[in-house]
Amino acid sequence: MGDDELFEAAAETARQEKAAAGEPLEPRVGPLPKGPPESKPYTHPAAGWGAAKAVTEFLVDEREVVVGSLEMLKMNQENSGGFDCPGCAWPDTKDLALDLCENGIKHTTWEMTGKRVTREFFARHSVTSLFDWNDHDLEAEGRLTEPMVYDPDTDHYVPIRWADAFKLFGDAVRALENPDQASYYTSGRLGNEASFLYQLMTRELGTNNQPDCANMCTEAGSRAMLDSLGTGKGTVDLKDWEAADAVFVIGINAASNAPRMLTPLAQLYRAGKKIVHINPQVEAGATRTIIPHDILAMATFHATPTSNLDIQPRSAGDMALMRGIAKATLELSERDDHAIDREFLRRHTTGFDDYRRLVEDTSWDEIVHQSGVTKEDILQAASIYRGADRSIITWGLGVNQHEHAVDTIREIINVLLLRGNIGREGAGAAPNRGHSNVQGNRTCGITNAPTREFLNKLAEVCGIDPPREDGLDVIGTVEAMDRGDIKVFVGMAGNFALALPDTRYTYAALRKVGLTVYVSTKLNRSHIVHGKRALILPCLGRTEKDVQRGGVQRLSVEDGDSMVHLSQGNQHPASPQLLSEPAIIAGLARAALPDSATPWEWYVEDYDRIRDTMSKVLYGFEDFNRRVRLPMGFRIKQPARELVFLTPSGRAEFSHARLPDVVPRDGRLVLGAMRSHDQWNTTIYTDNDRYRGIHNLRTLVFMNAEDMDERGLEEFQPTRITAYAKDGTERTLKGFLAVKHDIPRGVAAGYMPELNQLISISDYSSQSEQPLMKQLDVTIEQDA
Ligand SMILES: Nc1nc2c(c(=O)[nH]1)N[C@H]1C(S)=C(S)[C@@H](COP(=O)(O)OP(=O)(O)OC[C@H]3O[C@@H](n4cnc5c(=O)[nH]c(N)nc54)[C@H](O)[C@@H]3O)O[C@H]1N2
Ligand SMILES: Nc1nc2c(c(=O)[nH]1)N[C@H]1C(S)=C(S)[C@@H](COP(=O)(O)OP(=O)(O)OC[C@H]3O[C@@H](n4cnc5c(=O)[nH]c(N)nc54)[C@H](O)[C@@H]3O)O[C@H]1N2
Ligand SMILES: [Mo]
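The structure contained in this document is the topic of the report that follows. (Residues numbered from 1 in each chain as written. Chains lettered and ligands numbered in written order. Predicted model: local features only at pLDDT ≥ 70, side-chain atom pairs only at ≥ 80, totals over all residues. Heavy atoms only, no water.)

Before going further, it helps to spend a moment on the site of ligand 2. The full set close to ligand 2 counts 31 residues, and Tyr185, His435, Glu581, Thr682 and Asn756 are the nearest of them. One nitrogen or oxygen atom from the side chain of Asn524 is found 2.8 Å from an oxygen atom belonging to ligand 2. Here a nitrogen atom of ligand 2 sits 3.3 Å away from a polar atom, N or O, in the main chain of Ala673. Notes on ligand 2: free accessible area 930 Å², of which the protein chains cover 97%. Its residues assigned to classes, the shell around ligand 2 comprises 14 nonpolar, 11 polar and 6 charged. Mapped onto the domain boundaries, the shell around ligand 2 takes at least three residues apiece from domain 1 (116-216 + 438-629) and domain 3 (668-782). (Near = heavy atom within 4 Å. Polar contact = N/O pair within 3.5 Å; in protein donor to acceptor, adjacent residues only side chain to side chain. Areas by Shrake-Rupley, 256 points an atom, 1.4 Å probe, with all protein chains shown as cover. Nonpolar A, V, L, I, M, F, W, Y, C, P; charged D, E, K, R; others polar. Domains from an automatic or database assignment.)

As structure tokens, this is what we get:
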């Protein structure tokens, strides 16, 4: 054994000892607490002055007050040359002078920070020593400034020229025995043009190994909508939000993760429309809000309620609850001719009669037991649904990250179909997306399972011979790494090491890879837990000016409502050495494919050229360059919205799944990992969670007071959490503090990514292959 291997073996033994003792396996994620933990109920409205104050504190911390506030005015104002907020995928509106939110501002400022990670920083800190830093501190060092390569002799990252970095990658790829020994991850940050080039490179290299963050995020919803409606996208746009009579918000923490949703919710409430929140927790967005840009409301502290009804089901009780709403609606239809839309059902759907029988066969007892909701509450929700001519149902990770998520979302669509709530103004299915361009990434071909039509078009237009077999998704990729089958891994944005389940397993798998390459803006865990060789390639962020030979470039993005529009950064780049994502992809591609006929360099000179090719390959992108320059861009046709269903039957298809048993066994709880208010996925701003009343604490577990009493747990008492995986293995985590919370019995919650260490790699849904990030089977005890 060489020194390196000896060192690694010793480190591994130490990690195993820690794991056996049930201690958190890895360094803390959040910053060192500034004081003792606190939990007190939050009594103020969401957004408003609390948010304004938080923003000011944050801008001061990041020393960005002046530039920050000026730049914010350009956010989501793409018409006047602004950039698309990278914070979430909520659609932009042309009516507002100022369309932004606290968390969007924090997210953008995080990118615009004045702090820098330089070669001197890497010379001062070995990679092993950086492993002991918490994730907050790694990212807080600021923006990456030049390409770096890992030097195993010194255990430091050292500078490398761009050309040499590309060559290192190219040589590694060309040395592979077969192209499937590489895998190309992306998180939904990439603009459309970069996404298109990235998938083109992957396929020209001969593999469909293209995992993406959607594999952990919204995969279930896409599959469900594809099966039920024939396309995997939502059917509503912002106009529909304004025209709805009722909105059902299921499993979304809107005030933190989609704050711009609060605006239509408050406006609907003021107009007397109905809003129902379905969530084990009553989140801040489900109470009242001060509309962020409503100056009068801000000045007068006038808060608008954002909810008419809060229903708190058990974890994964949503499908039974939807079945209950369907049952009540069908029962009503025997007396009330307009309870269901018979004409719509006859003309546009198939499978209704079987669905009706299935609903009749599902008893109220079963519905109440499985949903954890009383019959009265279900009838109340059903009565709001019946009373609304036009309903929107929107759902988030609280629905997507469960075992039976596809069945549950199809049940949501069943309920919409009953009253003809698809293909009409003010009505429809609205999946809440995650990353700002995760939907656009998929549209542009980022997927491990491309369709035959797409591949044929790509072959015809781009003159390549793409592989036809499905490639590896996120879970498939880590498992292949663990077997030693992946020699080259590229992470195009994101934080693969920390975002994935089974932290320990994922780290070990990543360390087996021959070469890991990350294209990033900030230092993160994935740079520290790396392959035998490793590259960090720093890129421009969305706020920065991208100048190529053909002048200043703009990238396009697609929001959650299928609107495609341009985004242009205006900031001076964080470092003169940064390259744009398209330029980096072109550099990697040319090095790996020296004889490629694809004009990589020519594309990068002027992104209009990429768009011209995209318009020939992608459905709905005809005349892309002209239409994307229209005010607000253009909307990709959503066939289901036009009542065109691309399903085998040509109709919307009812699903017929029996209710799964989701009631935890005696003594067990269902634990979910979610976001705090003060984080963006693996980026942790502080250890506060303002709307849930938490300060100075992330390693916690929210529990029902009676569940705590039964276990003799006091507030802030350390716990021992044991998770029971599908494959029979157990994982234990000690020291997370119990916190009393308004949450149903049998449900517990904590934060991602800290809780990822409890999720086994085998814990993924058999319907969507999504990790079960919100449905862990656990026991929680006092930590003796
Ligand atoms: N500020 C900020 N914005 C973000 C992000 C961020 O980290 N920070 N992340 C972005 C990304 S990538 C995504 S995917 C989205 C995520 O946005 P959300 O979908 O809001 O994500 P989470 O915070 O993980 O969890 C949402 C909710 O699920 C509820 N929940 C848990 N289990 C169940 C259940 O069984 N049924 C129901 N009905 N609800 C349940 C939880 O109580 C919680 O309120 O936000 C995006 N926007
Ligand atoms: N337990 C649990 N785990 C989860 C989840 C959960 O709810 N529970 N949620 C899952 C979900 S929904 C998602 S989407 C994934 C997120 O997984 P990822 O998308 O992989 O992770 P992020 O934390 O969003 O990535 C942050 C990093 O992106 C880089 N970055 C930021 N901006 C840019 C840019 O403009 N360009 C480039 N190239 N890089 C940039 C920065 O270096 C930053 O460190 O996590 C998943 N993991
Ligand atoms: Mo996500």
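Positionally, Ala430 belongs in strand β15 (residues 428-431). On the basis of relative accessibility, which here comes to 7%, the residue Ala430 falls in the buried class. Linking Ala430 and Val249, residues 181 residues apart in sequence, is a C-alpha distance of 9.5 Å. Setting aside its immediate chain neighbours within four residues, Ala430 contacts Val236, Trp241, Ile392, Ile393, Thr394 and Trp395. (Helix = DSSP H or I, 4+ residues; strand = E, 2+ residues; numbered from the N terminus. Buried < 20%, exposed > 50% of the residue type's maximum accessible area, 1.4 Å probe, protein only. Contact = heavy atoms within 4.5 Å.)

Within the open sheet, the 6 strands sit side by side as β6-β5-β18-β17-β16-β7. Their pairing is mixed. At either end of the open sheet lies a strand with only one pairing partner, and these are β6 (156-159) and β7 (182-186). For this sheet the average axis-to-axis angle between neighbouring strands, irrespective of direction, equals 20°. Along the sheet, helix α8 (residues 162-174) contacts β5 (148-151), β7, β16 (488-492), β17 (515-520) and β18 (533-538); its crossing angle with β18, the most-contacted strand, is approximately 135°. (Pairing = 2+ DSSP bridges. Axes fitted to C-alpha atoms, helices over the stretch in contact; angles between N-to-C directions.)

Next up on the list: the site of ligand 1. Neighbouring residues of ligand 1: 29 residues in total, closest Asn279, Glu283, Ala316, Asp318 and Asn681. Within the contact set of ligand 1, a nitrogen atom lies 3.5 Å away from a backbone nitrogen or oxygen of Gly251. In this structure, Gln281 approaches ligand 1 through a side-chain N or O atom, which is 3.2 Å from an oxygen atom. Alone, ligand 1 offers 930 Å² of accessible surface; in the complex the protein occludes 97% of this. Across the shell around ligand 1, the residue classes break down as 9 nonpolar, 16 polar and 4 charged. Looking at the shell around ligand 1, you find at least three residues from each of domain 2 (219-431) and domain 3 (668-782).

What follows deals with the layout of surface pockets. Gaps left between atoms are located by rolling a probe of water-molecule size over the structure's atoms. One number sums up the size of the largest pocket: a volume of about 1100 Å³. Taken together, 30 residues form the lining of the largest pocket, with Leu226, Gly232, Arg442, Thr443 and Thr451 sitting closest to its centre. Looking at the lining of the largest pocket, the elements that each hand over two or more residues are α10 (219-229), α22 (438-443) and α23 (452-462). For the lining of the largest pocket, the class distribution of residues is 11 nonpolar, 12 polar and 7 charged. A domain-level breakdown of the lining of the largest pocket finds at least three residues from each of domain 1 (116-216 + 438-629) and domain 2 (219-431). (1 Å grid on protein atoms, 1.4 Å probe; cavity = no way out; pocket = protein on both sides within 12 Å on 5 of 7 lines; lining within 4 Å. Points joined across faces, edges and corners; volume = space filled by probe spheres on them.)

Take the sheet that holds strand β12 (residues 309-311) next. Taken in spatial order, the 5 strands of this open sheet run β12-β9-β8-β14-β15, and their pairing is parallel. The open sheet is flanked by β12 and β15, the only strands paired with a single partner. With strand direction ignored, the average angle separating the axes of adjacent strands in the sheet is 15°. Packed onto the sheet, helix α15 (residues 318-332) meets β8 (246-250), β9 (274-278) and β12 and runs at close to 145° relative to β9. Sitting on the sheet, helix α21 (residues 405-418) touches β8, β14 (391-395) and β15, and the angle it makes with β14 is about 175°.

Opposite charge on two side chains permits pairing when their charged atoms draw close. For the coordinates displayed, the defined rule picks out 46 salt bridges. Salt-bridge contacts for Lys512 lead to Asp482; the nearest nitrogen and oxygen are separated by 2.8 Å. Remark: Asp482 occurs in helix α24 (residues 474-482) and Lys512 occurs in the loop between α26 (503-510) and β17; sequence separation between them is 30 residues. Look at Lys512 and you get partly exposed, because its relative accessible area is 36%. Between Glu754 and Arg698 there is a salt bridge; the shortest N-O distance is 2.7 Å. One end of the pair, Glu754, is in the loop between β32 (747-751) and β33 (776-782); the other, Arg698, is in the loop between β28 (694-695) and β29 (700-703), with 56 residues separating them in the sequence. Pair check on accessibility: Glu754 and Arg698 agree, each one buried. (Salt bridge = Lys/Arg side-chain N within 4 Å of Asp/Glu carboxyl O.)

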